[in-house]
Amino acid sequence: MLPIAILASGSGSNLQALLDAAATDPSFGARPVLVLSDRPDAKALDRAAGHDVPTAVVEWAGDRGDFTRRVCEAVEAAGAEVMVLAGFMRILGPEAIRRFPHRILNIHPALLPAFRGAHAVTEALEAGVKVTGVTVHFVDEQVDHGPIVCQEAVEVLDDDDEATLHARLQEVEHRLYPAAVKAFANGRLAVAGSKVVWR
Ligand code: GRF
C-alpha cells in the first residue's frame, strides 16, 4: 500500500472522494496516512477525522521556502511517500519537487494548459469557451503545470454561472482523481520527459 498525504485548504470534497475510495476499493493501492492543511479551520480536517486519518496544520508564515520545508517535514514524518494536492491553495517551492520528484499530484478545474491559476472556472466562462474540463497532473516548478496524467472534458452551457459549472466539474473530479491516484499507486503511470505514459 502506497502511503499518501492529502493536502487540502478548504471544503475537501476531493479529499472526501479519495478517502471514500481508500475505504471502499480493496484494489485502490494507496493508504492515506496524513491530511495536511494550511488552515486550522478547513472542513477538510473534519473529514479526515471522520475517517480516522491523522491531521496536521502547517500555517503560512510569509516565506515560501520555510513553508515548503515544514510541509515536506510533516509529510515525511507521517511516513507518506506521495503528496496529493486536493484544493491546496498554497504554492509549494522547488524543495518539494526535489524531495518528491514525480510524487506530487494535483487536480485542476480546467483543461491545462488553458486557464492556469486560482480562477480557472470564472476565466473559462469569461472566455466563452464551449468546453472546459478537469486535469490531473504531476506537479513541477511552475504553477498548474507538469506532466498530465488524465483529462476529461465538460461542456459549458449557455446559462452556466461559476457555481453551476464548478458543480459539474466537481462531479468529474470526484471520479477522475481517485482513478488517477489508484493508477499511480498500482504502478501504471510512468513519466517520460514531459508526458505520462499509462502502462
Ligand atoms: C477543486 O475544484 C480543484 O480542482 C481545485 O480546488 C477545488 C477544491 O475543491 N484545485 P474541494 O475542496 O476538493 O471541494
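Residues numbered from 1 in each chain as written. Predicted model: local features only at pLDDT ≥ 70, side-chain atom pairs only at ≥ 80, totals over all residues. Heavy atoms only, no water.

**Q** Just to check I follow, could you spell out the site of the ligand for this structure?
**A** Around the ligand, a shell composed of Ser11, Gly12, Ser13, Asn14, Gly87, Ile107, His108, Pro109, His166, Gln170 and Glu173 is seen. Elements with a contribution of two residues or more to the shell around the ligand: helix 1 (13-24), strand 5 (104-108) and helix 6 (162-185). Ranked by residue count, the leading element in the shell around the ligand is helix 6, at three residues. For the shell around the ligand, a count of residues per class yields two nonpolar, eight polar and one charged. (Near = heavy atom within 4 Å. Helix = DSSP H or I, 4+ residues; strand = E, 2+ residues; numbered from the N terminus. Nonpolar A, V, L, I, M, F, W, Y, C, P; charged D, E, K, R; others polar.)

**Q** Looking at this structure, how should I read helix 3 (residues 64-77)?
**A** In a regular helix each residue adds 1.5 Å, so 14 residues correspond to 20 Å; helix 3 covers 20 Å between its end C-alpha atoms and thus fits that length. Of all the positions in helix 3, only Phe67, Thr68, Val71, Cys72, Ala74 and Val75 are classed as buried. For helix 3, the angular spread of buried residues about the axis comes to 165°, placing them on one side. Those residues of helix 3 hidden inside the fold are in contact with strand 1 (2-7), strand 2 (30-37), strand 4 (82-85) and helix 4 (94-99). (Expected span 1.5 Å × (residues − 1). Buried < 20%, exposed > 50% of the residue type's maximum accessible area, 1.4 Å probe, protein only. Arc of directions from axis to C-beta. Contact = heavy atoms within 4.5 Å.)

**Q** Looking at this structure, I do not really get the pairing of strand 2. What am I missing?
**A** For a regular strand, the rule is simple: side chains alternate between the two faces of the sheet. Counting buried positions along strand 2 yields seven of eight residues, so the element is predominantly enclosed. Relative to strand 2, strand 1 is paired through six bridges, and the arrangement is parallel. Residue pairing in the sheet places Leu7 in a bridge with Leu36 of strand 2. Following the chain from strand 1 across helix 1 to the adjacent parallel strand 2, one finds a crossover that is right-handed. Tracing the backbone out of strand 2, into helix 2 (residues 43-50) and back to the parallel element strand 3 (residues 55-57) gives a crossover that is right-handed. (Pairing = 2+ DSSP bridges. Right-handed = clockwise from strand over helix to strand, strands pointing away.)

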